[in-house]
Amino acid sequence: MNRVLGGLAAYLLLGVAALTVLLPVYYVLVGAFMGPGDLAVYPPAVVPHHLTTGNFAAAARAVPLARQYLNSVLVAGVITAAQLLTSVLAAYALVFLPLRGRGAVFGVFLATLMVPWEAVIIPNYLTVSDWGLANSYFGLVLPFLASGFGTFMLRQSFRQFPAELRDAARIDGAGHWRFLWRILVPLNKPSLAAIAIYVFLSAWNQYFWPLIITRTPQMQTVQIGLTSLSYADAADPGLILAGVLLSLLPTLALVVLGQRFIVRGLTAGAVR
Amino acid sequence: MPRPPSSSPPAEKVLAWVYLLPSLAVFALFLGYPLYRTFYLSAHGNDLFGAPTRFVGLDHYTALFGSAEFYRTLLTTALFVLLTVVPGVLGALVLVLLLEGRLRGVRVLRSAFALPFAFSVASAAVVFGVFYNPATGVLNGLLSHLRLGPAAWLTDPHHALVSVALATVWLNLGYNVLVLSAGVGSIGSEITEAARLDGAGGWRLARSITVPLLGPHLFFLVVVSTINALQSFGQINILTRGGPDHATSTLVYDVYDKAFANGSSDFGAASARAVVLLVVVLACTAVQFGVLERKVHYA
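Per chain, the residues get numbers from 1 upward, laid out in the order the sequence is written. Starting at A for chains and at 1 for ligands, labels are handed out in the order in which the entities are written. Per-residue local features are limited, in this predicted model, to residues with pLDDT of at least 70; the limit for side-chain atom pairs, both in listing and counting, is 80 or more; totals at the level of whole chains, interfaces and linings are taken over all residues.

## Overview of the overall build of chain B
Put simply, the rule is: Secondary structure elements are defined from DSSP: runs of H or I of at least 4 residues count as helices, runs of E of at least 2 residues count as strands, and each element is numbered from the N terminus. Radius of gyration means the value over C-alpha atoms here, while the globule rule gives 2.2 Å times the residue count to the 0.38 power. Here a residue counts as buried when 20 or more other C-beta atoms fall within 10 Å of its C-beta, as exposed when 12 or fewer do, and as partly exposed in between; the C-beta atoms come from the backbone. Remark: residues whose backbone-derived C-beta atoms lie within 7 Å of one another are considered to be in contact.
In terms of helices and strands, chain B carries 13 helices and 2 strands. Taken over the C-alpha trace, chain B has a radius of gyration of 24 Å; the compact-globule value for 299 residues is 19 Å, which it surpasses by more than 25%. Here the C-alpha coordinates of chain B stretch approximately 80 × 75 × 30 Å along the principal axes. Evaluated residue by residue, chain B yields a buried proportion of 44% over its 299 residues. Considering only contacts in chain B between residues 6 or more positions apart, those separated by 24 or more positions represent 67%.

See below:
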């Protein structure tokens, strides 16, 4: 009897928690299609009276949403590709190449994980501005082309690579470059996928750096565009929610489809 | 671990540095040099455009620690950490304990609770901005159905920090649930099965087995959440801009406010605040490594 009551209470608690946690998600998914008649009234409707796709076009009129979306795709794509490349090379050197002071070099990579980015953002702003790269794609991606996190995770995977396989490759005449790209990288795809998902999520979701380093709406990322929507048209929540829904499409897809990869990298480091 | 041969050709030694160079160059330019530069700027005055002028030593720091406003900023920062970390970790713990119990049909909820992980700080803040809207906000709308409210979520100095913290707790919940779920998954089912055979019910199992064994995961989460809270910026800038009446002005927001907000370029004073932030975050990291070093064995 006690157990049945406990089970009921647990279900009830979970139900309430699920409703609370999912409320913002629900309002993004449904509110993006709700007109001002449903949303811009008090109290706003919970269930829409009629659905419209007009919010998306209206949001794209309020800010250059298509261009900003392209900017985000470009910036997050370049950062992800570059971090994968630099991390693979660095991890390879740390594990498979002769290196004097290996411990110290690895220490540098670990140390980069500890520096809060906000504490160095002013000098970086000055550097990028001095180089004339403020408000440009280069300025948006340049500080993020390498990753202590990616190198750290790949080093862990590479260290577990079987020595026999490596020796076999060497006997077959594979040099470092060939061994790295033909054997090591294909066999470490799960780790690479996990890193790619993390890097893409954090690059796509960046806020502080794109906020200060861009000046024109044409160069802003979609995250900054969202906030302009919320400042520009506070009276129409439908526009804002439509923008949020668009900005969420790639990250929702990654979180839903890539969850097993995400769990691999969970405790390897905080990347948000 | 595969080892390179003891007598490596010189070409291999060069190759190692070639492979390391891209990463090390980025770190040197955008982490190493700016670390030095932050200290340098914090010890110099600056003109209206932010260019450093003369050496002022510790003047920025003495001004900082001599102002009541700065202590208020530190207090707000500490409160924000408390208001996000404690509910965030405890809430996720309760959810995960319920999810990993033996209830039927709740597994699918784990993926649902992970959904906030897809939100950026900007998208979460913007959605909560819609929710908190005093005139047409969803939350006041819901309160009105319960014949409560309306509440001044962001415009009352006594509520604003709590409201921003609430959005942050929601944003972090997905990550926290995933971490603790992974932690529960790593507890061997032999242990929980044995306890069940000994007659332990759900509550007893959670209290005596699961939570103690989750210790390292909980500790990790507390430290990571604390560091995240200390660095939180987007939700504050979007929802309140540090207001009303500085009620949500944390250390990071103060850095932004002095350096970038409203055309301000007071890089010297802002850098002194950035150094304080650096010290606080590094202290948290040191605590993490100090404790984890003793608890976790790194292979």
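## So, the nonpolar core
Side chains of nonpolar character tend, in soluble globular proteins, to be buried together. Put simply, the test is: Buried Ala, Val, Leu, Ile, Met, Phe, Trp, Tyr and Cys residues whose C-beta atoms connect them within 7 Å together make up a nonpolar core. Those domain boundaries reflect an automatic or database domain assignment.
Ranked by internal contacts, the top residues of the largest apolar core, which has 155 residues, are Tyr92 and Ala93 of chain A together with Leu277 of chain B. The element that contributes the greatest number of residues to this core is helix α7 (residues 160-186) of chain B, accounting for 15 residues. Lining this core are residues from two domains, each supplying at least three of them: domain 1 (2-56) and domain 2 (63-268) of chain A. Other than its neighbours up to four places away in sequence, Leu277 of chain B contacts Pro116, Glu118 and Ala119 of chain A together with Leu230, Leu251, Val252 and Val255 of chain B.

## What about the packing of helix α3 (residues 54-62) of chain A against helix α14 (residues 237-257) of chain A?
Residues and elements named next belong to chain A. Definition in use: In this analysis, axes come from line fits to C-alpha atoms, helices being fitted only over the stretch in contact, and the angle between any two N-to-C directions falls in the range 0 to 180 degrees. Any angle that is under 35 degrees is reported as roughly parallel, and any over 145 degrees as roughly antiparallel; angles of 65 to 115 degrees are reported as roughly perpendicular and all others as oblique. Residues are sorted three ways: Asp, Glu, Lys and Arg are charged, Ala, Val, Leu, Ile, Met, Phe, Trp, Tyr, Cys and Pro are nonpolar, and all the rest, Gly among them, are polar.
It is the contact of α3 with α14, at a shortest axis distance of 8 Å, that shows an interaxial angle of 90°. Considering the angle they form, α3 stands roughly perpendicular to α14. Seen from α3, the contacting residues are Asn55, Phe56, Ala58, Ala59 and Ala62; seen from α14, they are Gly238, Leu239, Ala242 and Gly243. Residue composition of the contact of α3 with α14, by class: 6 nonpolar, 3 polar and no charged.

## A short note on the pairing of strand β2 (residues 52-55) of chain B
All names here are of chain B. Convention followed: One bridge is not enough; two strands pair if DSSP finds at least two bridges between them.
Note: strand β1 (residues 44-46) against β2, 2 bridges, orientation antiparallel. Among the inter-strand pairings, Asn46 is bridged to a residue of β2, identified as Pro52. The hairpin formed by β1 and β2 contains 5 residues between the paired strands, and Gly50 there has a positive phi angle of roughly 95°.

## Focus: the UniProt feature "transmembrane region" (unreviewed entry) in chain B
For the record, the criterion: UniProt positions are given in the numbering used here, feature names are shortened, and annotations may be inferred rather than shown by experiment.
The UniProt record annotates "transmembrane region" (unreviewed entry) at residues 14-36, 74-99, 111-132, 160-184, 205-227 and 270-292 of chain B. For the annotated span residues 111-132 of chain B, helix accounts for 68% and strand for 0% of the residues, and the straight-line distance between the end C-alpha atoms is 26 Å.

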